[in-house]
Amino acid sequence: MRIFIDSADVDEIKRIVELGFVSGVTTNPTLISKTGREPKEIYYELAQMVEHVSAEVVSEDAESMVKEALEYSSIHPNIVVKLPMTNDGLKALKILKDKGVRVNVTLIFSPSQALIAARAGADFVSPFIGRIDDIGYYGMDLIKQVSQIFTLHDISTQIIAASIRHPVHFVEAALSGAHIATVPPAVIWKLLKHPLTDIGLEKFLSDWKKSMGVNV
Ligand code: E4P
C-alpha cells in the first residue's frame, strides 16, 4: 500500500515528504479553503514534491468540470483531477479520459459506485471510511468489498482508502487491499511513533555512554 497525505498545508506536507515514504497528496475543497491560498499555486508547489496530486473540481455540471479539470491538469503532469461520483462527474470522466487526463473519482460510499466509476474509466477511486463510521456503519467493509470486486474482475483501477481518521484505519486499509491510503498529517505523526522505540533508544544510548565513561 502506498502512502499519500490528505492535506493542503504545503509546509507540513513538505516536512513529511522529506521523511521519504510519501508518494502523493490528496486535497479537497474543504482542505484548500482552510489555507486561504490560491488553489493553483498550491497544486503547482505540491506537484514539485510528489508524483500524484489530486486536485478536486468545484464545478457541478460536466462541461464546467471538464474546463476546470483541463486547467488543473495543465499545471503539471503530476496533477490528477478529482471528480465527484455524480452523473455529471461520470460524463466529465469520459471526456477527460479521451483527452488522456488521469482521474480520481471521489465521494465513493458503496461498492457499486466504485465498480461503476472504474468501468467508466477512473484511474483511482476514493472510498471514504471515516464518514461511514460516523453514521454507525463499519467503513472498512467498503474497502474490503471494493478490493474483492476489483480483484475478481481483474480491474486495474487503484483504490485510495480515504477519510482515514486514526492509526487503526491505516493498518486495516493495508490488510483490506487498498492500493493507497491517504492520511491526514495528524494521523501520520502518530503512525511514526512507538513508546518502545523511545525507551529502547534511551537505554541503548545510556548503556553506550556508560561503557565509554561518558557522564549520563
Ligand atoms: C479524500 O480524498 C478526502 O480528501 C478525505 O480523505 C476526506 O476525509 P474526511 O472525511 O476526514 O474529511
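In this report, the structure presented in the accompanying data block is examined. (Residues numbered from 1 in each chain as written. Predicted model: local features only at pLDDT ≥ 70, side-chain atom pairs only at ≥ 80, totals over all residues. Heavy atoms only, no water.)

1. Description of the packing of aromatic side chains
Part 1 of the argument: As enumerated under the stated definition, the model contains two aromatic pairs in all.
Part 2 of the argument: Arranged with centres 5.4 Å apart and planes meeting at 55°, the rings of phenylalanine 109 and phenylalanine 128 form a pair that is tilted. Taken as a pair, phenylalanine 109 in the loop between β5 (103-108) and α6 (111-119) and phenylalanine 128 in the loop between β6 (124-127) and α7 (130-134) lie far apart in primary sequence, 19 residues in all.
Part 3 of the argument: Overall, the relative accessible area of 8% leaves phenylalanine 128 in the buried class. (Phe/Tyr/Trp six-rings, centres within 6.5 Å; stacked < 30°, edge-to-face > 60°. Helix = DSSP H or I, 4+ residues; strand = E, 2+ residues; numbered from the N terminus. Buried < 20%, exposed > 50% of the residue type's maximum accessible area, 1.4 Å probe, protein only.)

2. Let's talk about the sheet that holds β5
Part 1 of the argument: Within the closed barrel, the eight strands sit side by side as β1-β2-β3-β4-β5-β6-β7-β8. Their pairing is parallel. In this sheet, neighbouring strand axes are inclined to one another by 30° on average, regardless of whether the strands run parallel or antiparallel.
Part 2 of the argument: Where strand β4 (residues 79-84) and β5 come together, four bridges link them in parallel fashion. Along β5, the bridge assignment pairs valine 81 with valine 103.
Part 3 of the argument: The strands touched by helix α3 (residues 39-49) within the sheet are β2 (24-26), β3 (52-56) and β4, with β3 carrying the most contacts at an inclination of about 165°. (Pairing = 2+ DSSP bridges. Axes fitted to C-alpha atoms, helices over the stretch in contact; angles between N-to-C directions. Contact = heavy atoms within 4.5 Å.)

3. Regarding the site of the ligand
Part 1 of the argument: Around the ligand, a shell composed of Asp6, Thr26, Asn28, Lys82, Phe128, Arg131, Ala162, Ser163 and Arg165 is seen.
Part 2 of the argument: Within the side chain of arginine 165, one N or O atom sits 3.0 Å away from an oxygen atom of the ligand.
Part 3 of the argument: Protein burial of the ligand: of its 350 Å² of free accessible surface, 86% is covered by the chains.
Part 4 of the argument: Along the lines of polarity and charge, the residues of the shell around the ligand split into two nonpolar, three polar and four charged. (Near = heavy atom within 4 Å. Polar contact = N/O pair within 3.5 Å; in protein donor to acceptor, adjacent residues only side chain to side chain. Areas by Shrake-Rupley, 256 points an atom, 1.4 Å probe, with all protein chains shown as cover. Nonpolar A, V, L, I, M, F, W, Y, C, P; charged D, E, K, R; others polar.)

4. Looking at helix α4 (residues 62-73)
Part 1 of the argument: With 12 residues, α4 should cover 16 Å at 1.5 Å per step; its first-to-last C-alpha distance of 16 Å lies within 8% of that length.
Part 2 of the argument: For α4, the complete set of buried residues consists of Ala62, Met65, Val66, Glu68, Ala69 and Tyr72.
Part 3 of the argument: For α4, the elements touching its buried residues are α3, β3, β4 and α5 (87-98). (Expected span 1.5 Å × (residues − 1).)

5. Comments concerning the packing of α6 against helix α8 (residues 140-152)
Part 1 of the argument: Two elements in contact, α6 and α8, have axes separated by 9 Å at closest approach and are oriented at 40°. Looking at the two axes, α6 sits oblique to α8. Considering how the two elements wind past one another, α6 and α8 form a crossing that is right-handed. Facing Pro111, Ala114, Leu115 and Ala118 of α6, the residues of α8 in contact are Leu142, Gln145, Val146, Ile149 and Phe150. (Parallel < 35°, antiparallel > 145°, perpendicular 65-115°, else oblique. Left-handed = near helix turned anticlockwise from the far one by under 90°.)

These results come straight from atomic positions and should not be treated as a statement about function.
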